[in-house]
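# Notes for the structure review
What follows is the residue order along each chain.
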Amino acid sequence: MASAGALPALPLLLALLGALRPGPGDAQTAVFPTEAILPRGDSVLLNCSSSCNETATLGLETPLTKIERDIGHNWKMFELSDVQEDSRPLCFSNCGEKQTSASISITVFWFPERVELTPLPPWQPVGEDLTLQCLAWGGAPRAQLTLVLLRGEEELSRQPAVGEPAEVTATVLAGRGDYGANFTCRAELDLRPRGLELFQNTSAPQQLRTFDLPTTSPQLTSPRILEVGTVQRVVCSMDGLFPALEAQVHLALGDQRLNTTVTYNKDSLSATALVEGTAEQEGDQPLACAVLLGNQSRQSRRTLTVYSFPAPNLTLTEQEVSEGTQVLVVCEAYAGNVVRLSGVPPGLRAPRAQSLLNATAEDNGLQLSCSAALTVAGQVLYKNQTQELHVLYGPRLDKKDCLGNWTWPEGTQQELECRAWGNPVPQLTCRRETDGALLPIGPLRPVKEHEGTYVCWAVSSRGKVTRKVFLKVLGSRNSTNMIVIILVTVVAILSTVVTATYLYNRQRKIKIYKLQKAQEEASMKLNTQATPP
């Protein structure tokens, strides 16, 4: 077998033919080469010769384009050009009346015009079969043409090319490890058995994306209720995703898409969004979370109730009043709310309550509370409003708050407790009547010459009240006298106790004596009555 190219040297060939010199009856036709393989569209040179010892007539029968390139005694060289397909040209010779012939086998090879891997799906679920298909158009010789399906460098299937176009399929079970894998189809034309080489033609690679999305719904965490003007956090999470980074999350309240911040882990994600209640959304709104991965999605829904609940309004006819003034307290809320006013017994469930208060000194600083209740989605909500009542009264300087008589030993540490009451808070001052000396209110360290009668007065913008305080200081002389008095008193008490004890014992002994005498007389009478006359 020979490929397209130069033939053996003609002189040698002719010398061999001349040496045979057979007669007309033995003449034979020869062609060289007897086999040829060449690329499609290429050219080949053929040498037709005859062993006739006479001059033979030579020719070449073929549908191919031929050109007579050279000629000699009983041989001719032809060039066949633009060979497109397999052919068997026939070389013939006429030696006398005898015609002989010889043929050459020409094999044309060419690569497939197109090798394609049918498009892979955009996403392939993990755990499902994936069918790969390779198509090849053209290519020859088909007996040496093979189609190979590859995953990376791994051969998945190797089959001979059959049909037009040639088709090869293979089925693989998609796994997580196939994510990002390149799949190709390769055409192999193996001409090594015919002295040539292995020719290969590979399709463009296609990358597979596999995904795994659980059948469970994502977990949606959100409040059940949302007040107008407030902001709450909504979280949507899901586990078991692959690849988690490819997943998308959509959060929406009604028809409003929420801006989300997504955090990805190895096989999970968590999306967070802030949702603000608006007056337009008041009422029940659907809250939805959708996780999209590949060509599938999973959703979770729940209802979020948007409500409006303004604080109740608490009003007083006057917030600062004089003692004895009547104050009207009104607690009022919006329709649909139920209010309760502190200090007022529960009545009808209404959005308004009121109370008439007769202000006293004890009511100064009183915290008045107005509470409103609203039921939203089965939950009872409360809002409060408070105000402080200021009652003007006094000044007061009562006996219980400022005692009138004080007796303190000289040199001791004492504290004068004297307090004035009133609103506004009165100023308290105590001075001695004799010389106007000031008596400090509070600690005295130590008590010295503070004895005397003091006048204390409390003054505020509402008036003035006074009270006398008598302070007696016990010095060292007075202390001695006091000790003597105490000793005399103790002696007198002891004497009285001793005398009383003596008299009690004397009376007791007299009673015992009389009782014994009576018992003796009774015994004697009994004895006398018992003696016979």
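Residues numbered from 1 in each chain as written. Predicted model: local features only at pLDDT ≥ 70, side-chain atom pairs only at ≥ 80, totals over all residues. Heavy atoms only, no water.

Further remarks concern the pairing of strand β43 (residues 463-474). Here five bridges tie strand β37 (residues 405-409) to β43, and the two strands are oriented parallel to one another. Residue pairing in the sheet places P409 in a bridge with L474 of β43. The sheet contact formed by strand β42 (residues 452-460) and β43 spans nine bridges and is antiparallel. Across the sheet, residue A458 finds its bridge partner in β43, namely V465. Between β42 and β43, which pair antiparallel and follow one another directly, the connecting turn spans two residues. (Pairing = 2+ DSSP bridges. Helix = DSSP H or I, 4+ residues; strand = E, 2+ residues; numbered from the N terminus.)

Right, let's get into the state of the cysteines. The final tally for this structure, using the stated rule, is seven disulfides. Between the sulfur of C48 and that of C91 lies a disulfide, 2.1 Å long from S to S. In this pair, C48 sits in strand β4 (residues 42-50) while C91 sits in strand β8 (residues 90-95), placing the two residues 43 residues apart along the sequence. On the basis of relative accessible area, C48 is assigned to the buried category, the value being 0%. Take C91: its relative accessible area is 0%, and that puts it in the buried class. What pairs with C134 in a disulfide is C185, and their sulfur atoms sit 1.5 Å apart. As the torsion about the S-S bond is roughly -55°, the C134-C185 disulfide counts as left-handed. With C134 in strand β13 (residues 129-137) and C185 in strand β17 (residues 182-190), this residue pair connects regions lying 51 residues apart in the sequence. (Disulfide = S-S within 2.5 Å. Buried < 20%, exposed > 50% of the residue type's maximum accessible area, 1.4 Å probe, protein only.)

Quick look at the side chain of Q206 now. Following the sequence through the fold, Q206 ends up in strand β19 (residues 206-207). A relative accessible area of 19% means that Q206 is categorised as buried. Side-chain polar atoms of Q206 contact the backbone oxygen of L117, separated by 2.6 Å. (Polar contact = N/O pair within 3.5 Å; in protein donor to acceptor, adjacent residues only side chain to side chain.)

Okay, unusual backbone geometry next. Cis rather than trans, the peptide bond between F32 and P33 has omega equal to 0°. As for its position among the elements, P33 is in the loop between β2 (29-32) and β3 (35-39). A cis geometry characterises the amide bond from G394 onward to P395, with omega recorded as 5°. If you trace the backbone, P395 turns up in strand β36 (residues 379-396). In this model, D82 sits at a positive phi of 50°, which is unusual for a non-glycine residue. When you line up the elements, D82 lands in strand β7 (residues 75-83). Here A377, not a glycine, exhibits a phi torsion of approximately 50°, which is positive. In this structure A377 comes out as partly exposed when scored by relative accessible area, which is 34%.

Let's shift gears to the side chain of D178. Take D178: it is sitting in the loop between β16 (166-173) and β17. Given a relative accessible area of 8%, D178 falls into the buried group. Of note is the side chain of D178, whose polar atom sits 3.0 Å from the backbone nitrogen of G175. If sequence neighbours within four positions are ignored, D178 has contacts with R151, L173, L208 and T210. (Contact = heavy atoms within 4.5 Å.)

Quick look at the packing of aromatic side chains now. If you walk through the whole model with that rule in mind, you get five aromatic pairs. Taking the centre distance of 5.8 Å and the plane angle of 20° together, the rings of F109 and F199 count as stacked. Of this pair, F109 sits in strand β10 (residues 105-109) while F199 is found in strand β18 (residues 198-202), placing the two residues 90 residues apart along the sequence. Taking relative accessible area as the criterion, F109 reaches 9% and is therefore assigned buried. Measuring from ring centre to ring centre gives 5.9 Å for W123 and F211, while their planes differ by 90°; the resulting arrangement is edge-to-face. With W123 in the loop between β11 (114-117) and β12 (124-125) and F211 in strand β20 (residues 210-211), this pair connects stretches of sequence that are 88 residues apart. Accessibility classification places W123 together with F211 in one group, the buried group. (Phe/Tyr/Trp six-rings, centres within 6.5 Å; stacked < 30°, edge-to-face > 60°.)

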